[in-house]
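# Structural features, examined
These are the residues of each chain, in order.
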Amino acid sequence: MTDRALVVVRAGALTTVQDRGRPGYAHLGVPRSGALDAPAAALVNRLVGNPPDAAVLETTLNGCAVRPRSTVTVAVGGAPCPVSVGGRPVAWGAPVVVPAGALLEVGAATAGVRSYLAVGGGVAVEPVLGSRATDLLSGLGPAPLADGTVLPLGAPAGPPARVDGAPQPRPPAELVLRVVPGPRDDWFTARAVRDLATRAYRVSAASNRIGLRTEGPALERARPGELPSEGMVLGAVQVPPDGRPVVFLADHPTTGGYPVIAVVRAADLPAAAQALPGTPVRFVPVRRR
Amino acid sequence: MRALHVGDDALLVEVSSGEEAQALHAELLRRRAEGALTVREIVPAARTVLLDGLADPARWASELTTARVPTPPSHARELVELPVRYDGPDLAAVAERWGVTEREAARIHAGTEFTVAFCGFAPGFGYLTGLPDRYHVPRRATPRTSVHAGAVALAGPYTGVYPRSSPGGWQLIGTTDAVLWDHTRVPAALLAPGTRVRFVPVEGA
C-alpha cells in the first residue's frame, strides 16, 4: 500500500502534522503539543470517517497544497478558506473525494488562522511517545512540512460521516478569554489584577503554537525576581518581565519561572488558536468550577 | 504544605525545600500506582509538585495540606552512572570559584551522588541536585548560542546534561557519551525525577 501517501506541493507558511498530542510526559519535560483548535481537528476527522485521534494537517494563514497518490476522502475545517480539487472549487467543512494524482488546494484563510485538513486513514508518520504531533518547542514529531515532503497515509477506518456543512464556530472578532485567577496573582499589584480584567489587549503578531502573546498595558509586579521553576498548565497566563500576558498553548514549556496570574478556561482556547494578530482580547475573571 | 488551585482542574502543591518536593512526588506516584489518585500529569519542580488534570481538585487540596509525607529510602530509587570526561571549557573558571584545582573540581563532582529533582527545558533534561551549597555557581553572564549534546553543566544548585545541541547559559565542565534522550528507546528519557545519578570519570579525554 505504498501508494497511500500525500505529496506536499506547497507547504505554506507553517503546516504541521497534529493529533491529540502526547499528554502524560510533562514530568520528563515533554510538552503536550497537539492541534491548537482541537474541536476543528476532531470535526474534520469525523467528516472523513477517522477516529478522533487520527493525525491531520494544521495550516497557518495561507493553507497548503497536496497531491494524494491514491483516491482519498478529505475534509477541511477550522479557519474558513477556499478549497479546490484540480482547480475546481469544492466544499469547505464537508467530505470531498480527491482522485489519485489530483491537486488539493487549501487556500488562504478568509478568517481565523489555522485550517485543518483530514484525510481518510489519517497521516501515518511514525508516532513519538504515542503521538504524531509536531512539537515546535522541543522538536519532537515530524518536521514542519516542506515542499516535496511525502506523508504516508493509514488505511481508512470507516465510511465518511453523512453530515454536510457541519456547523463550526466563526473565528472571533473579539477574543473573550475566561480566566480563573491564580496561582500567582499575589505576585502582582491589585492594580495589575484589575488591569488584566478591565484593560484592552490585542493579539500580538509574535504569537505561535507555544503561546498567544498580547500587546497592552504592562502588568505591574508586587514582587521582583523569578519563582523557582514550577510546573505549567495549558492556558496559563504567564507574565514575563515585559509585563504583557502570554497565554500558553499546546507547545508550551512544561516548567517555568515567570508568575502565572490566571489560567484560561480550556473551552476558550480553541478560539485563541484562531485569533489573528490585532484581534482585541478581553480577559474575564471567573470563579473556579 | 500549601495547595494552590491552578485553573479548574489542577493543583500546585508548594513545599519548603527541594527534598520535600522530591518526597511529595514519590508519595504522589505511590498513591497513583495504588489507584487512589487519578491525574493526567504529576510534575515535580524546584519547590512544588503540579497535579494537572485532577478529577476532584478541591478534595485533594484539603487532603494534601494535612497529608504526612514519608521520606522515601534513597536506595529504593534507580541509580544511573554517566561516564564523563571533565573537559568542559568552563572547568577552569568553576575550579577557581571553588578555590581548588581542575583535577580536584572533577574529583568533587564525581564524588557526589546526585538526584534528578525534576525535568524541564528540553525532553530528557534533568535538574540534578546534590552539590553542597558552597559549590553552587552562577550561570554564565553571556549564554552560548550553541552547547553540544552530552555537555555536563552547572548552574545555581543544579547539574545538568544537555540532551541535544541547544543554546545554553550553564557552565560547561565536562562531556558524556551517554544518550540522555532517545524517543525510540523505552524509556525515552535516561533520567526521570527521583533517579539517582553518579558521574564516573573515564580516561582518554
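Since this is a predicted model, take the numbers as computed values, not measurements.

## Details of the overall build of chain B
Along chain B, the regular secondary structure elements total 4 helices and 13 strands. Since a compact globule built from 205 residues should have a radius of gyration of about 17 Å, the 18 Å found for chain B is in line with a globular shape. For chain B, the spread of C-alpha atoms along the principal axes amounts to about 55 × 40 × 35 Å. Counting only residues that meet the buried cut, chain B has 41% of its 205 residues in that class.

## Examining the overall build of chain A
The helix and strand inventory of chain A stands at 3 helices and 20 strands. Reported as C-alpha extents along the three principal axes, the dimensions of chain A are approximately 60 × 40 × 35 Å. Buried positions account for 54% of the 289 residues belonging to chain A. The contacts of chain A with a sequence gap of at least 6 include a subset with a gap of at least 24, amounting to 79%.

## Describing helix α1 (residues 38–47) of chain A
All names here are of chain A. The buried fraction of α1 is high, at 9 of 10 residues. Turning to α1, its buried residues number three or more, namely Ala38, Ala40, Ala41, Ala42, Leu43, Val44, Asn45, Arg46 and Leu47. Structurally, α1 contributes buried residues whose contacts are with β2 (16–18), β3 (56–58), β5 (72–78), β10 (115–119) and α3 (269–273). Residue Gly49 follows α1 closely and has a positive phi angle near 85°.

## Digging into the environment of A:Pro169
If you trace the backbone, A:Pro169 turns up in the loop between β11 (150–152) and β12 (175–181). C-alpha of A:Pro169 to C-alpha of A:Ala79: the two residues are 90 residues apart in sequence and 9.2 Å apart in space.

## Regarding the sheet that holds β12(A)
All names here are of chain A. Read around the closed barrel, the 7 strands follow the order β12-β19-β16-β17-β14-β13-β20; overall the barrel is mixed. Sheet twist, expressed as the average angle between the axes of neighbouring strands with direction ignored, equals 40°. Examined bridge by bridge, β12 and strand β19 (residues 260–264) share 3 bridges and lie antiparallel to one another. Bridged to Val179 within β19 is Val264.

## Observations concerning the domain arrangement of chain B
Residue and element names in this part refer to chain B. Per the domain assignment, the segments of chain B are domain 1 (2–72) and domain 2 (76–201). For domain 1 versus domain 2, the separation of C-alpha centres amounts to 27 Å. In this assembly, 8 residues from domain 1 lie in contact with 7 residues from domain 2. Counting residues per element, the side of domain 1 that touches domain 2 draws most heavily on helix α1 (residues 18–33), which supplies 4 residues. When the residues that make up the side of domain 1 that touches domain 2 are grouped by side-chain class, the tally is 5 nonpolar, 3 polar and no charged.

## A few points about the sheet that holds strand β4 (residues 64–68) of chain A
Residue and element names in this part refer to chain A. Read across the sheet, 6 strands follow the order β7-β6-β9-β4-β1-β11 without closing on themselves; strand pairing throughout is antiparallel. Strands at the two margins of the open sheet, each flanked by one partner only, are β7 (88–90) and β11. Within the sheet, the average angular offset between the axes of one strand and its neighbour, ignoring direction, is 30°. Where β4 lies against strand β9 (residues 104–106), 3 bridges are found, and the strand directions are antiparallel.

## Overview of the domain arrangement of chain A
Residue and element names in this part refer to chain A. Per the domain assignment, the segments of chain A are domain 1 (5–152) and domain 2 (175–285). With centres defined by C-alpha atoms, the gap from domain 1 to domain 2 works out at 28 Å. Counting residues at the interface gives 20 residues for domain 1, matched by 15 residues for domain 2.

## A closer look at the environment of B:Ala110
As for its position among the elements, B:Ala110 is in helix α4 (residues 102–110). Sequence separation of B:Ala110 and B:Thr129 is 19 residues, and the distance between their C-alpha atoms is 13 Å.

## Section: the nonpolar core
Among the nonpolar cores identified, the biggest contains 138 residues, and A:Val44, A:Val56, A:Val74 and A:Ala118 are the most heavily contacted of them. Take this core: its biggest share by element is 7 residues, from α1(A).

## Looking at the packing of helix α3 (residues 91–98) of chain B against α4(B)
Residues and elements named next belong to chain B. In contact at an axis separation of 9 Å, α3 and α4 are set at 85° when each is read in the N-to-C sense. Comparing their axes, α4 and α3 come out roughly perpendicular. Here Leu91, Ala92, Val94, Ala95 and Trp98 of α3 come into contact with α4, specifically with Glu102, Glu104 and Ala105. Its residues assigned to classes, the contact of α3 with α4 comprises 6 nonpolar, no polar and 2 charged.

## Regarding the interface of chain B and chain A
Where interface size is quoted, it is often the accessible area lost as the parts come together. Contact with chain B, which involves 31 residues of that partner, is made by 27 residues of chain A. For the side of chain B that touches chain A, the secondary-structure elements that each account for two or more residues are β1 (2–6), β2 (10–14), β3 (41–44), β4 (48–52) and β6 (114–119) of chain B. The element best represented in the side of chain B that touches chain A is β3(B), accounting for 4 residues. Here the residues of the side of chain B that touches chain A are counted per class, giving 20 nonpolar, 6 polar and 5 charged.

Cut-offs and rules
- Residues numbered from 1 in each chain as written.
- Chains lettered and ligands numbered in written order.
- Predicted model: local features only at pLDDT ≥ 70, side-chain atom pairs only at ≥ 80, totals over all residues.
- Helix = DSSP H or I, 4+ residues; strand = E, 2+ residues; numbered from the N terminus.
- Rg over C-alpha atoms; globule rule 2.2 N^0.38 Å.
- Buried ≥ 20, exposed ≤ 12 C-beta atoms within 10 Å, placed from the backbone.
- Contact = placed C-beta atoms within 7 Å.
- Pairing = 2+ DSSP bridges.
- Axes fitted to C-alpha atoms, helices over the stretch in contact; angles between N-to-C directions.
- Domains from an automatic or database assignment.
- Nonpolar A, V, L, I, M, F, W, Y, C, P; charged D, E, K, R; others polar.
- Core = buried A, V, L, I, M, F, W, Y, C linked by C-beta atoms within 7 Å.
- Parallel < 35°, antiparallel > 145°, perpendicular 65-115°, else oblique.

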